[in-house]
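Architecture and fold: a report
For reference, the chains in residue letters:
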Amino acid sequence: GLLYVQEAGAIRIIPALNIVPELKGPLCGKMTRPHLPVVDLGCGDYLAVDMAKETKGGERPVVWWYAGEVKKKVADSFGAWLRKLVESNGQPFWWES
C-alpha cells in the first residue's frame, strides 16, 4: 500500500510476497542479508529491517538504506517507525540528524 502520497512521490510498503522480486529486481546485488526491504521511499532509498539485530522487546530495528548502504537506524521496530511517521504527518523524520 501507499502511505502519504504527495506530488514528489509516496511511501510504498512492500508486500511480503513482493520482497523477493524486489531483491531480485531493483535491489539485485545491492541490498544483501541481513537487511530485508520493507518500505520503498523512491529514488533508490528503502527502509529495511535489520534481521541481525534485536531490540530489548525482541523486535528488529528499521534502518534507512540510502545510496547503497545503511545510513542510520530510524526506529526500534516497524511499529515504532509507523507511529513516528504518523506523528510527523508523513514527513521524512529520518532525514533529521
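It should be noted that the structure appears before, not after, this text.
This part takes up the environment of Thr55. Mapped onto the fold, Thr55 is located in the loop between strand E4 (45-50) and strand E5 (62-66). We classify Thr55 as buried; its relative accessible area is 16%. Through-space distance from the C-alpha of Thr55 to that of Ser77 is 7.9 Å; in sequence the pair is 22 residues apart. Setting aside residues no more than four positions away along its own chain, Thr55 makes contact with Pro61 and Asp76.

It is worth spelling out the packing of aromatic side chains at this point. Within this structure, the stated rule accounts for five aromatic pairs. Ring centres of Phe78 and Trp81 lie 5.4 Å apart, and the angle between their planes is 40°; this geometry places the pair in the tilted category. One end of the pair is Phe78 and the other is Trp81, both in helix H2 (residues 78-87) and three residues apart, which spans about a single turn. The class for Trp81 is buried, based on a relative accessible area of 0%. Judged by centre distance (6.3 Å) and plane angle (40°), the rings of Trp81 and Trp94 are tilted. With Trp81 in helix H2 and Trp94 in the segment after H2, this pair connects stretches of sequence that are 13 residues apart. Both residues of the pair, Trp81 and Trp94, count as buried. Connected via pairs of aromatic rings, a cluster forms that spans Phe78, Trp81, Phe93 and Trp94.

The rules behind these values
- Residues numbered from 1 in each chain as written.
- Predicted model: local features only at pLDDT ≥ 70, side-chain atom pairs only at ≥ 80, totals over all residues.
- Heavy atoms only, no water.
- Helix = DSSP H or I, 4+ residues; strand = E, 2+ residues; numbered from the N terminus.
- Buried < 20%, exposed > 50% of the residue type's maximum accessible area, 1.4 Å probe, protein only.
- Contact = heavy atoms within 4.5 Å.
- Phe/Tyr/Trp six-rings, centres within 6.5 Å; stacked < 30°, edge-to-face > 60°.

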